[in-house]
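Given next are the chains, with one letter for each unit.
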Number of protein chains: 4
Amino acid sequence: MSDLSDLSAATAEFAAVRAWQPWHTPKNLAMALSGEVGELTTLFQWLTPEESTAVMADEKLADEVRDELADVLLYLVQLARVLDVDLAEVARAKLARNEHRFPPPQN
Amino acid sequence: MSDLSDLSAATAEFAAVRAWQPWHTPKNLAMALSGEVGELTTLFQWLTPEESTAVMADEKLADEVRDELADVLLYLVQLARVLDVDLAEVARAKLARNEHRFPPPQN
Amino acid sequence: MSDLSDLSAATAEFAAVRAWQPWHTPKNLAMALSGEVGELTTLFQWLTPEESTAVMADEKLADEVRDELADVLLYLVQLARVLDVDLAEVARAKLARNEHRFPPPQN
Amino acid sequence: MSDLSDLSAATAEFAAVRAWQPWHTPKNLAMALSGEVGELTTLFQWLTPEESTAVMADEKLADEVRDELADVLLYLVQLARVLDVDLAEVARAKLARNEHRFPPPQN
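The structure contained in this document is the topic of the report that follows. (Residues numbered from 1 in each chain as written. Chains lettered and ligands numbered in written order. Predicted model: local features only at pLDDT ≥ 70, side-chain atom pairs only at ≥ 80, totals over all residues. Heavy atoms only, no water.)

1. Some details on the overall build of chain A
Across its full length, chain A holds five helices and zero strands. Along the chain direction, N to C, the helices and strands of chain A fall in the order α-α-α-α-α. The dimensions of chain A, computed from C-alpha atoms along their principal axes, are 50 × 40 × 25 Å. Here chain A, with 107 residues, has 52% of them falling under the buried criterion. Between the mean site of the 9 positive side-chain charges and the mean site of the 18 negative ones, chain A shows a separation of 9 Å. (Helix = DSSP H or I, 4+ residues; strand = E, 2+ residues; numbered from the N terminus. Buried < 20%, exposed > 50% of the residue type's maximum accessible area, 1.4 Å probe, protein only. Lys, Arg positive; Asp, Glu negative; His and termini not counted. Charge placed at Lys NZ, Arg CZ, Asp CG, Glu CD.)

Following this line, the structure appears as C-alpha cells:
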C-alpha cells in the first residue's frame, strides 16, 4: 500500500468522522492549500540562501517547517481525492514529460 | 517501496543530471512551490463551489488541474528532500496531532 | 501628494530607521507579500460566496481582513519601491491595456 | 484625488461595463489576488538576492515585473472595494501600529 493512498484514505476518514465534507469543495481545498503554502513561505522569507539551507539546524524552526510541510501535503492529498486524481500517477507522468521538455545536457 | 520516496529519488536524479542543485535551495523551492499553487488557484478562482466540484468533467480543464497538482507535488517532494524531511512521516504525525486537536463529535 | 507615494515614503522611512534594508531585496519582499496574501486567503477559505460577501458584518473577522489588506498593500508598496516602479502608473497602464483585451459588450 | 480611490473607481467601472460583478465576490477576488502574486513569485524564484536587486535591468523581465505588480494592485483594489475598505486608511493605521510593535533602536 502506498504512502499517498494511505494518507488519502486517512484524511477522507478524518473529514467524514467530523462531517466536514460540505466544506471540502475543490475550490475551498485549493484555498486551504494556498494558505498553508503561505505559512511555509513566511518561514523562509528573510533568510539568505545559505540560511535557508541550514534551517533544520534550528530545532524550533525545524519543527515549524515539518509542521507546514505536513499541512501542505495533507491538503494536497485531500484536494486530489475530491477531484479523483491519482497524485502519484500524475506526478510520474509529469516527470516523464519534463524529461522531454528539458533534455539532459550532452557530453 | 513508497510512492513518495520513489518520487523523491526520481526528482533528485532529474535535478542532478541537469546540474540544477545550485538553484534548489530550500528558499527557492519554497518559492517555486508557491508559484505552482498560484497556478492551481487560478484554475478555480472564478468557479462556483458547484462548478469546482464538476471541474474534471471538462477535459481541457481536467488536464490543467492534473498538471498543476503534479507540479505542486513534485516541488513539495524536492523541498522535503533538500531539507531531509520524510514527508509521509510528518504527515502521519500531523494527522495524529489533529485527531487530538479536533476530537470527533460524541454521539 | 498621492496615497501611494505617501505610503512608499513612509515605509521606506520605517525600514531605514530600523536598518532593515539588507533584508528588503525584491526577492524577499515578494515572498513577504506572498505570505501575507496567504494569511488573507485563510480568512476566506471555508466561506461560501455569500458568507464572503457578508464577512465585514463580523467585527472580529472584519478587523482581521482590514489588517491583512493593509499588510498586503504595505509589502506591495515596498516591493515596488525597491524596484523603482511607480505602482499607480503601471496599474493605470494595465487597465488601459485591459480595455483593449476585453472590449465592452456591444448593445 | 488619490491614486487609490481613482483606481478603485476605474476598476469598478471596468467590471460594471462588462457585467462581471457576479464573479467578483470577496472570496473570488482573494483567489485572483493570490494567483497574481503566484505569477510575481515565479519571476523571482530562481534569482539570487543580487540578481533580484538587478531585475529591472533586463527589459523583458522588467516588463513582466511591472505587469504583475499592476495585476496585484488592481485585484487588491477591487477586493478592498467589494469589502468597502479604505485601503490607504487601513495601511496608514497598520503602519502606526507597527511603529509601536517595532520601536526604533535607541542610540
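2. Comments concerning the relation of the copies chain A and chain B
With an RMSD of 0.0 Å, chain A superimposes on chain B once it is rotated by 180 degrees and translated 0.0 Å along the axis. On the angle and the small slide along the axis, the relation comes out as a two-fold axis. The rotation axis passes nearest to the C-alpha of Ser2(A) in chain A, at a distance of 2.7 Å. A symmetric contact is evident, with 100% of the interface residues of chain A recurring at the interface of chain B. (Least-squares fit on C-alpha atoms with pLDDT ≥ 70 in both. Contact = heavy atoms within 4.5 Å.)

3. Quick notes on the interface of chain A and chain B
The partner chain B presents 56 residues to the 56 residues of chain A that form the contact. In this structure, the connection of chain A to chain B is made through 10 salt bridges. Residue Arg18(B) is joined to Glu99(A) by a salt bridge in which the shortest nitrogen-to-oxygen separation is 3.2 Å. Applying the counting rule to chain A against chain B returns 22 residue pairs in polar contact (both at pLDDT 80 or more). Where the side of chain A that touches chain B is concerned, the elements lending two or more residues are α1 (3–17), α2 (26–44), α3 (49–53), α4 (59–82) and α5 (87–101) of chain A. Of the residues contributing to the side of chain A that touches chain B, the split by class is 37 nonpolar, nine polar and 10 charged. (Salt bridge = Lys/Arg side-chain N within 4 Å of Asp/Glu carboxyl O. Polar contact = N/O pair within 3.5 Å; in protein donor to acceptor, adjacent residues only side chain to side chain. Nonpolar A, V, L, I, M, F, W, Y, C, P; charged D, E, K, R; others polar.)

4. A short note on the interface of chain C and chain D
Facing 56 residues of chain C, the contacting portion of chain D comprises 56 residues. In this assembly, chain C packs against chain D so that about 4,700 Å² is buried in total across both faces, 73% of it on carbon and sulfur atoms. It is Asp3(C), Lys27(C) and Leu69(C) in chain C that bury the most area against chain D; as a group they hold 13% of the surface buried on that side. Our count for the contact surface shared by chain C and chain D stands at 10 salt bridges. Here chain C and chain D share 21 residue pairs in polar contact (both at pLDDT 80 or more) between them. Residue contributions to the side of chain C that touches chain D peak at 12 residues, all from helix α4 (residues 59–82) of chain C. (Buried area = accessible area lost by both parts, 1.4 Å probe.)

5. Focus: the side chain of Gln45(C)
Here Gln45(C) shows up in the loop between α2 (26–44) and α3 (49–53). A residue is classified by how much of its surface remains accessible, and Gln45(C), at 9% relative accessible area, is buried. If we ignore the near neighbours within four places in the chain, the residues touching Gln45(C) are Asn28(A), Met31(A), Ala32(A) and Lys27(D).

6. Observations concerning the pattern of salt bridges
One pass over the structure, following the stated rule, counts 32 salt bridges over all chains. The partner of Asp71(C) in a salt bridge is Lys94(D), with the nearest N and O atoms 2.7 Å apart. Placement of the pair is Asp71(C) in helix α4 and Lys94(D) in helix α5 (residues 87–101), with the two residues belonging to separate chains. Its relative accessible area of 4% is what places Lys94(D) among the buried residues. Asp63(D) is the partner of Arg66(D) in a salt bridge, and the nearest nitrogen-oxygen pair spans 2.8 Å.

7. A closer look at the relation of the copies chain C and chain D
With an RMSD of 0.0 Å, the fit of chain C onto chain D corresponds to turning through 180 degrees and sliding 0.0 Å along the axis. Comparing interface residues between copies, 100% of those in chain C also sit at the interface in chain D, which points to an isologous, same-surface contact.

8. A few points about α5(A)
With 15 residues, α5(A) ought to run about 21 Å at 1.5 Å a step, and its terminal C-alpha atoms sit 21 Å apart, in line with that. Looking only at α5(A), the buried set comprises Leu87(A), Ala88(A), Val90(A), Ala91(A), Lys94(A), Leu95(A) and Asn98(A). Looking straight down α5(A), one finds that the buried residues subtend no more than 160 degrees of arc, so they occupy a single side. Of the surrounding secondary structure, the elements contacted by the buried residues of α5(A) are α1 and α4 of chain A together with α1 (3–17) and α4 (59–82) of chain B. Between a side-chain oxygen at the N-terminus of α5(A) and the backbone nitrogen of Ala88(A) the separation is 3.2 Å; the capping residue is Asp86(A). (Expected span 1.5 Å × (residues − 1). Arc of directions from axis to C-beta.)

9. Remarks on the packing of aromatic side chains
For any pair of aromatic rings, the description consists of the separation of the ring centres together with the inter-plane angle of the planes. Across all of its chains, the model carries 12 aromatic pairs over all chains by this definition. Here Trp46(A) and Tyr75(C) contribute two aromatic rings whose centre-to-centre distance is 6.2 Å and whose plane-to-plane angle is 45 degrees, an arrangement assigned as tilted. Of this pair, Trp46(A) sits in the loop between α2 and α3 while Tyr75(C) is found in helix α4, placing the two residues in two different chains. By relative accessible area, which is 17% here, Tyr75(C) ends up buried. (Phe/Tyr/Trp six-rings, centres within 6.5 Å; stacked < 30°, edge-to-face > 60°.)

10. What about the packing of helix α1 (residues 3–17) of chain D against helix α4 (residues 59–82) of chain D?
All names here are of chain D. It is at 9 Å that the axes of α1 and α4 come closest, and there the two elements cross at 85 degrees. Taken together, the axes of α1 and α4 lie roughly perpendicular to each other. For the pair α1 and α4, contact is made by Leu4, Leu7, Ser8, Ala9, Thr11 and Ala12 and by Leu73, Leu74, Val77, Gln78 and Arg81, respectively. (Axes fitted to C-alpha atoms, helices over the stretch in contact; angles between N-to-C directions. Parallel < 35°, antiparallel > 145°, perpendicular 65-115°, else oblique.)

11. Focus: the packing of α5(A) against α4(B)
Relative to each other, α5(A) and α4(B) sit at 85 degrees, their axes nearing to 8 Å. Here α5(A) lies roughly perpendicular to α4(B), going by the angle between them. Residue-level contacts link Leu87(A), Val90(A), Ala91(A), Lys94(A), Leu95(A) and Arg97(A) of α5(A) to Arg66(B), Asp67(B), Leu69(B), Ala70(B), Asp71(B), Leu73(B) and Leu74(B) of α4(B). Among the residues forming the contact of α5(A) with α4(B), the class breakdown is eight nonpolar, no polar and five charged.

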